[in-house]
Amino acid sequence: MRLVTALIAGGLFGAGLVLSGMTDTRAVIGFLDIFGAWNPTLAFVMGGAILPMALAWRLAARRPCSLSGQAFPTRPNPAITRNLILGSALFGAGWGLVGLCPGPALATSLTGGIPALVFLLAMGGGMLAAIPVRRPAPPTSPVRT
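Novice: Run through the overall build of the protein chain, naming residues and quoting values.
Specialist: Helix and strand counts for the protein chain come out as six helices and zero strands. Helices (α) and strands (β) of the protein chain occur, in sequence order from the N terminus, as α-α-α-α-α-α. Dimensions of the protein chain, computed from C-alpha atoms along their principal axes, come out at roughly 45 × 35 × 30 Å. Sorting the 145 residues of the protein chain into buried and exposed places 18% on the buried side. Partitioning the contacts of the protein chain with sequence separation of at least 6, the portion at a separation of at least 24 is 53%.

Printed below as a string of structure tokens:
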């Protein structure tokens with residue numbers, strides 16, 4: 001049942017990325033071009049993702065476990081650290097240069113042809129190259145105290 005739930009959730013997420021325009025590199029680059037021909041439409045997509053997640057965290061804090069009986073993941077560490085700043089800068093640079101981030105890249109790999117596959121291979125290579133220099137993340141606090 002857990003795999004079926006994951007498959008359905010992943011399919012809905014991918015469909016949402018395609019329908020919202022997050023897989024259209026021109027729309028993403030237009031959103032990031034705040035000093036040029038700025039396209040603010042993806043701000044609504046981000047807002048549409050932040051609001052349900054905020055509600056989900058509030059609901060999760062009141063429940064002992066998920067509907068599937070699994071423990072909830074721990075909350076992210078709210079501290080602004082050097083690793084967070086560097087990781088965000090690298091993510092943003094890659095997103096701005098190519099117009100894709102990991103989720104939309106996976107969704108686009110089915111229909112985006114060779115450029116999407118090249119991006120996925122480069123992303124995977126970067127992840128493998130980071131393993132020797134990666135520092136462990138600081139411990140996070142559990143959802144419930």
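Novice: Break down the pattern of salt bridges for me, with residues and values.
Specialist: Following the criterion strictly, the structure yields one salt bridge and no others. Residue R26 is joined to D24 by a salt bridge in which the shortest nitrogen-to-oxygen separation is 3.3 Å.

Novice: Tell me about a nonpolar patch on the surface, and please be specific about residues and values.
Specialist: Together, M1, V4, I8 and L12 line one region of the surface with nonpolar side chains, adding up to about 480 Å² of accessible area. Residue placement: I8 occurs in helix α1 (residues 2–20). On the basis of relative accessibility, which here comes to 52%, the residue I8 falls in the exposed class.

Novice: Please provide a residue-by-residue account of the packing of aromatic side chains, values included.
Specialist: The tally for this structure, following the rule as stated, stands at two aromatic pairs. Taking the centre distance of 6.4 Å and the plane angle of 35 degrees together, the rings of F31 and W38 count as tilted. Take F31: its relative accessible area is 13%, and that puts it in the buried class. For W38, a relative accessible area of 43% puts it in the partly exposed group. Summarising the aromatic geometry, the rings of F91 and W95 are spaced 6.3 Å apart at their centres and angled 35 degrees between planes, so their arrangement reads as tilted.

Novice: Which residues make up helix α2 (residues 25–32), and what values go with them?
Specialist: Looking only at α2, the buried set comprises A27, V28, G30 and F31. The buried residues of α2 occupy an angular sector of 160 degrees when the element is viewed end-on, so they sit on one face. Packed against the buried residues of α2 are α3 (41–61) and α4 (82–98). The backbone nitrogen of R26 lies 3.1 Å from a side-chain oxygen of the residue at the head of α2, namely D24.

Novice: With reference to specific residues and values, describe the nonpolar core.
Specialist: With eight residues, the main nonpolar core is built from L17, M22, V28, F31, L42, W95, C101 and A107. Those residues in contact with C101 that sit more than four places away from it in its chain are F91, W95 and F119.

Novice: Tell me about the packing of α2 against α4, and name the residues and values.
Specialist: Interaxial distance between α2 and α4 falls to 8 Å at its minimum, and their mutual angle equals 120 degrees. What the angle tells us is that α2 and α4 run oblique. Along the contact surface, α2 presents T25, V28, I29, F31 and L32, while α4 presents W95, G96, L97 and V98.

Novice: With reference to specific residues and values, describe helix α6 (residues 113–130).
Specialist: The end-to-end C-alpha distance of α6, which contains 18 residues, comes to 26 Å, matching closely the 26 Å that a straight helix rising 1.5 Å per residue would cover. Buried residues in α6 make contact with α4 and α5 (102–108).

Parameters at a glance
Residues numbered from 1 in each chain as written. Predicted model: local features only at pLDDT ≥ 70, side-chain atom pairs only at ≥ 80, totals over all residues. Heavy atoms only, no water. Helix = DSSP H or I, 4+ residues; strand = E, 2+ residues; numbered from the N terminus. Buried < 20%, exposed > 50% of the residue type's maximum accessible area, 1.4 Å probe, protein only. Contact = heavy atoms within 4.5 Å. Salt bridge = Lys/Arg side-chain N within 4 Å of Asp/Glu carboxyl O. Patch = residues over 30% accessible without salt bridge, like charges linked within 9 Å, V, L, I, M, F, W, Y side chains within 5 Å. Areas by Shrake-Rupley, 256 points an atom, 1.4 Å probe, with all protein chains shown as cover. Phe/Tyr/Trp six-rings, centres within 6.5 Å; stacked < 30°, edge-to-face > 60°. Arc of directions from axis to C-beta. Polar contact = N/O pair within 3.5 Å; in protein donor to acceptor, adjacent residues only side chain to side chain. Core = buried A, V, L, I, M, F, W, Y, C linked by side-chain atoms within 4.5 Å. Axes fitted to C-alpha atoms, helices over the stretch in contact; angles between N-to-C directions. Parallel < 35°, antiparallel > 145°, perpendicular 65-115°, else oblique. Expected span 1.5 Å × (residues − 1).

These figures capture arrangement, not role.
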